Every structure is written in structure tokens, then in C-alpha cells.
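Close look at the chain arrangement
Each chain, letter by letter, is given below.
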Amino acid sequence: DEGMSEINTLIDYYLENAKILSDTMEGLGWVVHGGTDAPYVFCELPESMGTSSWDAFSTILEKTQVVTIPGAGFGPGGEGYLRLSAFAPRDSVIEACDRLKKALA
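Read on for an overview of the structure. Predicted, not measured: the structure shown is a model, and the values here were computed from it. (Residues numbered from 1 in each chain as written. Predicted model: local features only at pLDDT ≥ 70, side-chain atom pairs only at ≥ 80, totals over all residues. Heavy atoms only, no water.)

Its boundaries defined by the atoms lining it, the largest pocket holds a volume of some 190 Å³. For the lining of the largest pocket, the elements supplying multiple residues, two or more each, are β4 (81–85) and α3 (90–104). At four residues, the largest contribution of residues to the lining of the largest pocket is made by α3. Split into classes, the residues belonging to the lining of the largest pocket amount to 10 nonpolar, three polar and one charged. (1 Å grid on protein atoms, 1.4 Å probe; cavity = no way out; pocket = protein on both sides within 12 Å on 5 of 7 lines; lining within 4 Å. Points joined across faces, edges and corners; volume = space filled by probe spheres on them. Helix = DSSP H or I, 4+ residues; strand = E, 2+ residues; numbered from the N terminus. Nonpolar A, V, L, I, M, F, W, Y, C, P; charged D, E, K, R; others polar.)

Moving on, we come to the sheet that holds β4. Read across the open sheet, the four strands follow the order β1-β2-β4-β3; overall the sheet is antiparallel. Edge positions in the sheet fall to β1 (32–34) and β3 (69–70), since each of these pairs with one other strand and no more. Sheet topology places β3 next to β4; two bridges connect them, and they run antiparallel. Paired with Pro70 across the strands is Leu82, a residue of β4. Relative to β4, helix α2 (residues 53–64) is tilted by about 50 degrees, and along the sheet it contacts β3 and β4. (Pairing = 2+ DSSP bridges. Contact = heavy atoms within 4.5 Å. Axes fitted to C-alpha atoms, helices over the stretch in contact; angles between N-to-C directions.)

If you want it as C-alpha cells, here you go:
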């Protein structure tokens, strides 16, 4: 029972991080998938970012020092998306979201 309780606490923690990431990206006008049953958020690239997930990755890294994962790394169907991971301390997720809001708004 105690072990399951700890596991559920961790799951809840990372899913809340995913919600913070999703809310941030949706607030910036991005279409977001996932993040409700897994701690990964897939974001469709808006027209302003172009269609290359590698280019979007580079732009965001240069402007915000926030690391995303280019969708192209998941195969041809992933192109046009970025993946965000919620596996980070809460304060790091909040800081990343603040940087994204400032740079991409």
C-alpha cells in the first residue's frame, strides 16, 4: 500500500507538470495533444514556427534556453510537432513556461 501511494504521488506530480506545460502552450495559441495520461505533451507547430521541428527546436533553444524534443525524432509522422517532457522539478517547469511565454507571445 505504501509503495503504491508513493507511485501515485509521483504520477500526480508529473501529470500536474504536464498540465502546466499544456496550459502554457495552449495560452500561446499552440494546439496541444497528450499530457493527460502520460507526462509528455505534443505541440503542433504554429505557422509562425514553420514546419521543421528541428528549426523550431533550435529557435526555442536559442531564444529561451528551454530544451524541447523535435517531433521528427519520432519518425516522419512526428514532423511538425515538438514534444515537451514533464519529467522535471516543478520550479524548472514553471521557469521554462515563463521563458516560453516571454519569448513566444
